[in-house]
Amino acid sequence: MSVDLSVDVGGLRLANPFIAASGCFGYGLEYDEVVDLSTLGGVAVKGLFLEPREGHPPVRIVETPSGMLNAIGLQGIGARRFVADKLPVLRDRGAVVIVNICGSTVDEYAEIARILEDADGVGAIELNISCPNISKGGMMFGSSLQGTHDVVSAVRRVTTRPLIPKLTPNVADVASFALAARDAGADAVSLVNTFLAMAIDVETRRPKLSNIVGGLSGPAIRPIAVRMVHECRQAAPDLPIIGMGGIMTAEDALEFIIAGATAVQVGTANFVDPFVWDKLRDGLVAYLRRHAISSVAALVGTLDTTRG
Amino acid sequence: MPVDVDAVVLSNTQLSHDYNSVTLAAPQLADQAEPGQFVMVKATAGDHPLLRRPFSVFEIQRDGDGRATGFSLLNTRVGVTTRAIYGLRRGDRVRCLGPLGRPFSLATPPAQAWMVAGGVGLAPFATLATSLRARQVDTTLFYGGRSAADLFYADMFGALGVHVRLSTDDGSRGDHGNVTVPLRAAFASIDRGSPLRLYACGPTPMMRAVTDLAASEGRNTDVSLEQIMGCGLGGCYSCVVPLRSAAGTHFVRSCLAGPIFDGSAVDWERLGR
Ligand SMILES: Cc1cc2nc3c(=O)[nH]c(=O)nc-3n(C[C@H](O)[C@H](O)[C@H](O)COP(=O)(O)O)c2cc1C
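So, here's what we can say about the structure. Here the structure is a predicted model, which means the values were calculated and not measured.

Observations regarding the overall build of chain B
Here's step 1: Secondary structure summary: chain B contains seven helices and 16 strands in total.
Here's step 2: Rg of the C-alpha trace for chain B: 18 Å, near the compact-globule value of 19 Å for 273 residues, within the 12% margin.
Here's step 3: Each of the three principal axes of chain B carries a C-alpha extent, and together these read 50 × 45 × 40 Å.
Here's step 4: The burial tally for chain B puts 55% of its 273 residues in the buried class.
Here's step 5: Long-range pairs, those at least 24 residues apart, make up 64% of the contacts in chain B with a sequence separation of at least 6.
Here's step 6: If you sum the accessible surface of chain B, you get close to 11000 Å²; carbon and sulfur atoms cover 49% of it.
Here's step 7: The averaged location of the 24 negative side-chain charges in chain B is 4 Å from the averaged location of its 26 positive side-chain charges.

Remarks on the interface of chain A and chain B
One frequently used descriptor of interface size is the decrease in accessible area upon assembly of the parts.
Here's step 1: The interface is formed by 34 residues belonging to chain A together with 33 residues belonging to chain B.
Here's step 2: Counting the surface lost from both chain A and chain B, the interface buries some 2700 Å², and carbon and sulfur atoms represent 63% of this.
Here's step 3: Where chain A touches chain B, the interface holds eleven residue pairs in polar contact (both at pLDDT 80 or more).
Here's step 4: Taken together, the elements giving at least two residues each to the side of chain A that touches chain B come down to β5 (61-64), β6 (67-70) and α8 (268-272) of chain A.
Here's step 5: Per-class residue counts for the side of chain A that touches chain B are 18 nonpolar, nine polar and seven charged.

Details of the sheet that holds strand β8 (residues 112-118) of chain B
Residue and element names in this part refer to chain B.
Here's step 1: Pairing in this open sheet of seven strands is mixed, and the strands run β11-β10-β9-β8-β12-β13-β16 from one edge to the other. Looking along the sheet, the strands with just one partner apiece sit at the ends: β11 (175-176) and β16 (260-262).
Here's step 2: Strand direction decides the pairing type here: strand β9 (residues 139-145) and strand β10 (residues 163-168), joined by six bridges, are parallel. Paired with Tyr 143 across the bridge in β10 is Leu 166.
Here's step 3: Its contacts with the sheet put helix α5 (residues 180-189) on β8, β9, β10, β11 and β12 (196-201), and the angle it makes with β8 is roughly 165 degrees.

Details of the site of the ligand
Residue and element names in this part refer to chain A.
Here's step 1: Not every one of the 22 residues close to the ligand is listed here, only the nearest: Ser 22, Asn 100, Lys 166, Gly 246 and Thr 268.
Here's step 2: A distance of 3.4 Å is found between an oxygen atom of the ligand and a side-chain nitrogen or oxygen belonging to Lys 46.
Here's step 3: Contact between the ligand and Lys 166: an oxygen atom at 2.7 Å from a side-chain N or O atom of the residue.
Here's step 4: In the complex, the protein chains occlude 98% of the 610 Å² of accessible area that the ligand would expose alone.
Here's step 5: Comparing atom positions with the cavity grids shows the ligand to sit within the largest cavity.
Here's step 6: Looking at side-chain class alone, the shell around the ligand contains six nonpolar, 14 polar and two charged residues.

Comments concerning the nonpolar core
Here's step 1: Counting residues in each nonpolar core, the largest one holds 126 residues, and the members touching the most others are Phe 82, Leu 191 and Trp 277 of chain A.
Here's step 2: With seven residues, the top contributor of residues to this core is helix α9 (residues 276-290) of chain A.
Here's step 3: Core analysis: the second largest hydrophobic core is formed by 29 residues, Met 115, Phe 152, Met 156 and Phe 157 of chain B among them.

What counts as what
- Residues numbered from 1 in each chain as written.
- Chains lettered and ligands numbered in written order.
- Predicted model: local features only at pLDDT ≥ 70, side-chain atom pairs only at ≥ 80, totals over all residues.
- Heavy atoms only, no water.
- Helix = DSSP H or I, 4+ residues; strand = E, 2+ residues; numbered from the N terminus.
- Rg over C-alpha atoms; globule rule 2.2 N^0.38 Å.
- Buried < 20%, exposed > 50% of the residue type's maximum accessible area, 1.4 Å probe, protein only.
- Contact = heavy atoms within 4.5 Å.
- Areas by Shrake-Rupley, 256 points an atom, 1.4 Å probe, with all protein chains shown as cover.
- Lys, Arg positive; Asp, Glu negative; His and termini not counted.
- Charge placed at Lys NZ, Arg CZ, Asp CG, Glu CD.
- Buried area = accessible area lost by both parts, 1.4 Å probe.
- Polar contact = N/O pair within 3.5 Å; in protein donor to acceptor, adjacent residues only side chain to side chain.
- Nonpolar A, V, L, I, M, F, W, Y, C, P; charged D, E, K, R; others polar.
- Pairing = 2+ DSSP bridges.
- Axes fitted to C-alpha atoms, helices over the stretch in contact; angles between N-to-C directions.
- Near = heavy atom within 4 Å.
- 1 Å grid on protein atoms, 1.4 Å probe; cavity = no way out; pocket = protein on both sides within 12 Å on 5 of 7 lines; lining within 4 Å.
- Sits in = over half its atoms within 2 Å of the grid points.
- Core = buried A, V, L, I, M, F, W, Y, C linked by side-chain atoms within 4.5 Å.

So this is what it looks like as structure tokens:
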């Protein structure tokens, strides 16, 4: 039985639902030798500001039970160099590119979106309003409904591309942020970014990260991320969702899809296994065959909450 | 091209209460590995510990025809992964991704080579010594540890024709003091102008001290840094090294640009740990 893995996320067409998560796959080209980028559903590139950024000094990551904390601080080459140096190669490789952008001000987000509007090969814009470890920008916007509205509507005015705000889990009611994003013109939302967290070396009594706090990712956060996708789906059934948080296997991805995600992103798992992509696709195909479901799209949001 | 293999443990030699070496069957990986390169190792299945850890390729195993069959790791138990590696048994499987990173650039005669090692910092020097000796480079190993019980494989280097200068913090073997003691003496005994290349690997304070001592003698040191690494492939930006250049100091990914760096270009204050 042939199964259809393709999905449409708010106008973004993907050959399969598996996207490399931002910040966990460089600019994609780092993986040119190990994976055929055209076999991924999409590639969400490392978060870009307008200008190049150095990021935080090391130590930038620390491992925690079934997860990791990171405080990279969005080191990057800036939007213009990305468009000039990386985007043409990504396009040449046949990658569907999701450009993750970040700003210290609303205007900076809009300015980057304008630059991307003129570029070839931008599949969608993911608005990083959820990075937990920078002092200005990121989560500063995504943890207020007004800030979310302001960034999304400002970028909406200057872009025709699918617009996907990435939500932070560091709020009490994530669904209200999905609604705010939708009402401001988002085509879809992605969630979750990392959970603000901390680890301490008790021998030295110093924080393990140079930035003191960082974002928790990996299997440790998965059940919370699934719950949040479920809540967003309930609140806004028509708003497409890209789900993520600790996906290691096809079964993990299926949880998100059944909860209501049209596509998923995979971040930390790629560090553990850069060849994870084939296994994810194969696992999904096997599941669909076993359940005689002809397409992934038909499975999205099919959670059965009836008692029985 | 790096490969990811499920390597079978051929042997585990527990060298002391803390140190061991593990030999792994991995012909494809071993065949490609060059001196100074590393491997990302996942020693246990499952989600904890989650991430791989970088290890230098220690020795390359070869069959009777000289074909690479596998490689070994030098390990000291400090954390959850290294404890697991200490306890590996013959027949266990270990996930290995590599070889990764840029290799050492090799000295050529008439230059001599000095390799300065502390603890498991010895690891990258076995393959380096083999390559250097194959091109007839006069090679010396300065090897320091806390005490005699922490120094291993000195004979192996001797058998390659490498001069070996040992030192221990407690004076139980070789010179009394850290590795800069015999190194300082060696500098005193050679001509300032004679061609020489230095390589260092070990604890950060040691590599820094070696870099500074060498610089005071007008020499550069290639250091093999051991930054905390998430992926080994350039995806995560966690293993960065603050590196000085004409364009200012920038964070450079150790997995792609390193792990070997010119020690005098490293901003040691901001290296972390
Ligand atoms: C090292 C690292 C860097 C990250 N950088 C970014 C980033 O630049 N932009 C962003 O939106 N999310 C970033 N994230 C968050 C991930 O994209 C993802 O939302 C999160 O890690 C949860 O997914 P996972 O558990 O599969 O990793 C980063 C995560 C990690 C671990």
